[in-house]
Amino acid sequence: MSLLEIKNLTAKLADEDKQILNGLNLTVEKGQVAAIMGPNGSGKSTLSYVLAGREDYDVTDGEALLDGENILELAPDERAAKGLFLAFQYPIEIPGVGQMTFLKAAINAQRKKNGLGEISTPEFIKLVNGKAKELGISQDMLRRSVNVGFSGGEKKRNEILQMSLLAPKLAILDETDSGLDIDALKIVADGVNAMRSPDRAFVVITHYQRLLDYIRPDVVHVMAGGQIVKSGGPELALELEANGYADIVGKAA
Amino acid sequence: MNAVTPIRTAAEQSLISAYAALRAAGAPAPAVEDLRAQGYSRFEASGLPHRRVEEWKYTDLRAMMREAKPLAGAPDASTLLAAKVAVGNIPRIGGSRLVMVDGFYSPELSDTGTMPDGVKVTSLANAIVGRPEIVARLAGSAAAQANAAFALNAAFLTDGLVIEIAPGTDVGHVLDLISITSAGEARLINARVLVLVGEGASAGIVETHVGPAGTDYQKNVALQVVVGNGATLEHGRRQIEGDQALHLATLDADVGAGAHFDTLTLTTGAAVSRSQLFTRFVGENSKATLRGVTMLRGRQHADTSLLMDHAVPHCESKELFKHILDNEAHGVFQGKIIVQPVAQKTDGRMMSQTIMLAEGPAMDNKPELEIFADDVACGHGCTCGELDPDLMFYLKARGIPHGEAEALLVEAFAREAIEDFGEGPLGVVEELREAMLATILDWMRARA
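Here's what I pulled together on the structure shown here. Only a predicted model underlies this, so the values are computations on that prediction, with no experimental measurement involved.

Turning our eyes to something else, we now look at the environment of Ser46(B). Looking at the secondary structure, you find Ser46(B) in helix H2 (residues 30-46). Remark: the alpha-carbon pair of Ser46(B) and Ala191(B), spanning 145 residues in sequence, is separated by 22 Å.

Right, let's get into the packing of helix H3 (residues 99-113) of chain A against helix H6 (residues 152-166) of chain A. Residue and element names in this part refer to chain A. Between H3 and H6, whose axes approach to 10 Å, the crossing angle comes to 30°. As summarised for this structure, H3 and H6 are arranged roughly parallel, according to the angle between their axes. Viewed along their axes, H3 and H6 form a crossing whose handedness is right-handed. Only Gln162, Leu165 and Leu166 of H6 make contact with H3, whose side of the interface consists of Leu103, Ala106, Ile107 and Gln110. Of the residues in the contact of H3 with H6, the class split is five nonpolar, two polar and no charged.

Residue and element names in this part refer to chain A. The N-to-C vectors of H6 and helix H7 (residues 182-195) enclose an angle of 10°; their axes lie 10 Å apart at closest approach. Our classification of the angle between H6 and H7 gives roughly parallel. Residue-level inspection shows Gly153, Lys156, Arg157, Ile160 and Ser164 of H6 in contact with H7, the latter providing Ala184, Ile187, Val188, Gly191, Val192 and Met195.

The phi angle at Asn147(A) is positive, at roughly 65°, despite the residue not being glycine. Structurally, the position occupied by Asn147(A) is in the loop between strand S8 (145-146) and H6. Asn147(A) sits in the buried class, given 22 other C-beta atoms within 10 Å. At Asn285(B), a position not held by glycine, the phi torsion is positive, near 60°. You can see Asn285(B) is positioned in the loop between strand S12 (272-281) and strand S13 (287-296). Among the residues examined, Asn285(B) registers 16 C-beta atoms within 10 Å and is labelled partly exposed.

Successive side chains on a regular strand alternate, one facing one side of the sheet and the next facing the other. Residues and elements named next belong to chain A. In terms of burial, strand S10 (residues 201-205) is largely enclosed, as five of its five residues are buried. Of the two faces of S10, the one lined by Ala201, Val203 and Ile205 and the one lined by Phe202 and Val204 are each fully buried. Of the strand pairs in this sheet, strand S3 (residues 33-37) and S10 are connected by four bridges, and their pairing is parallel. Counted as the bridge partner of Val33 is Phe202 from S10. When strand S9 (residues 170-174) meets S10, the two strands line up parallel, connected through five bridges. Across the sheet, residue Leu170 finds its bridge partner in S10, namely Ala201.

The biggest cluster of nonpolar side chains holds 212 residues, and the ones touching the most others in it are Ile172(A), Val197(B) and Val227(B). When residues in this core are grouped by element, the largest group, 10 residues, is from helix H10 (residues 402-418) of chain B. Structurally, this core is a two-domain feature, drawing no fewer than three residues from each of domain 1 (74-386) and domain 2 (387-448) of chain B. Setting aside its immediate chain neighbours within four residues, Val197(B) contacts Ile165(B), Ala203(B), Val226(B), Val227(B), Gly228(B), Ala231(B) and Leu233(B).

Turning our attention to the sheet that holds strand S1 (residues 4-13) of chain A. The strands that make up a sheet pair up through hydrogen bonds in the backbone, lying either parallel or antiparallel. Residue and element names in this part refer to chain A. Read from one edge of the open sheet, four strands run S2-S1-S4-S5, paired in antiparallel fashion. One side of each edge strand has no neighbouring strand; the edge strands of this open sheet are strand S2 (19-28) and strand S5 (69-70). Relative to strand S4 (residues 57-66), S1 runs antiparallel, the two being bridged by eight bridges. Paired with Thr10 across the strands is Asp61, a residue of S4.

About the criteria used
- Residues numbered from 1 in each chain as written.
- Chains lettered and ligands numbered in written order.
- Predicted model: local features only at pLDDT ≥ 70, side-chain atom pairs only at ≥ 80, totals over all residues.
- Helix = DSSP H or I, 4+ residues; strand = E, 2+ residues; numbered from the N terminus.
- Axes fitted to C-alpha atoms, helices over the stretch in contact; angles between N-to-C directions.
- Parallel < 35°, antiparallel > 145°, perpendicular 65-115°, else oblique.
- Left-handed = near helix turned anticlockwise from the far one by under 90°.
- Contact = placed C-beta atoms within 7 Å.
- Nonpolar A, V, L, I, M, F, W, Y, C, P; charged D, E, K, R; others polar.
- Buried ≥ 20, exposed ≤ 12 C-beta atoms within 10 Å, placed from the backbone.
- Pairing = 2+ DSSP bridges.
- Core = buried A, V, L, I, M, F, W, Y, C linked by C-beta atoms within 7 Å.
- Domains from an automatic or database assignment.

So, in structure tokens, the structure goes:
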């Protein structure tokens, strides 16, 4: 069974009639890193939000099966509990909610759903400190409110920290490379690569081939007009980098 | 002969009878009789305030107080014993504990033996006998005197506390004042507390108001504060009265020169409550911070009405009040800042913020700035809305369930009003902040 199977997914903004996803089909296998590339406005971020369960969108048709279960009827926290993780393109600042409080709440919510008791404070601190160190996240950042006063790169690294703490089955990285300098890009890619495993899959949404030099994809999908219009191997990303989207998108339209 | 006889409500008639009985029983001192008479005549002239009285526009006391309960008498031995058990279950905040039962100071339940040096605690009933300087303090500010709840409190003035902090004393910890209403038949509790902080002294006091659930007792309390020149007073207040209670509280504070007054109230209790804060700068270069967090559910009604009087130049006041409303609850915030003509270089900033957790609650905000000086910085703001859906989505996307995500965001919202309370010399205020934040989380978790 595929880890993620999206069938004929059709969605629009809740308060507008404009349809953004137009019967999208996509399959992601366990262990795979699937890159999704596509021009601006093709619906890439919408796909990530719809999968994560953001309320601003209405799903009008289709289904998305995670491990065979349709997740589109579930609340966002239930999807997360099933092992779905979205690394946000624009991680949100939450003034007043401490980073450690937030991470602990997330870890404990997951443990509770798995029938485990709350994590002990020493165990929690050890776990976070270990992962934070690998990602170059300072103690000062851990003491602050969630993402408040973080640079763009720090926010992205913070997303990867959350991902590594929650160890999801399926991680969707929405333009995690945007706003990153080359050093930060390497740290983020190392964080992702360290988590690659036969049981886990990644959907990497990006505009640029550059990220894929560091996170080598198994498959590359091209998205346009709310659909996957072409799929191929890693070489497809290089082709897009050289020739742009015009050829493929033009042919599809 | 066109004398108008006002039509009295049942509650007003009971209050009139109660005063007559009190008067017949006699006052402990002539000065007390005068104070009572002044308060009563004010009440007699206007009756209970109603919605056509601007100050009470959103809290129609005449309609909300259908009847007046009989005036509580001094607690007997069995009442004191029950109160002792109840008070023992309330975790301590700070150091020495002072207890009032049904509005009467109870030395038996208080830590009278461990009062820090420089702190003198007397029952009001004792202090007003033979100490005219104390009686003189009890008259209150002009604004308080004109206020219906304060006038009624004066009319029934009997007991309470006088806390005197000697000049230069650093108390070093917070006085933990519990005001408990005993179980049994619902009564009207009346109490007055006077806190005199001497020149250069620093002190903290935390009031906790508790009472039985399921009883519609009524409580009308007043706290008068004089913060001497160069003194600091940090005042915390927890209103966690029983769910059927009516709670009226007046704070009347004079802040001297170079002084610092900080007050923070957490309101979660009572069916109907009103917290009134009358604060005046009487000396230059002083600071006052007035803050509050109110959490209401069901059909609870809570009103915070403040009057910040910048009567002298070079003072700074900050007012920050947060409401968290659920179900059909009703919150009220009335904030008036007066900058007198002489009060140049005043800095006043007032903010009221509300989070609605449901479609049903209502919030009334009425900011009033009366600025008569021309070289001042004054501002006010007001927000009202639901929890930010983007923040909620982010938290839920990390697996945090809806209720828990709401609790995190509400705690963060309230924390802003709580976290820098007591930036003065009293480190132990930390205990109060933690207790308040714990109450907020418990309140949120009880929703689920």
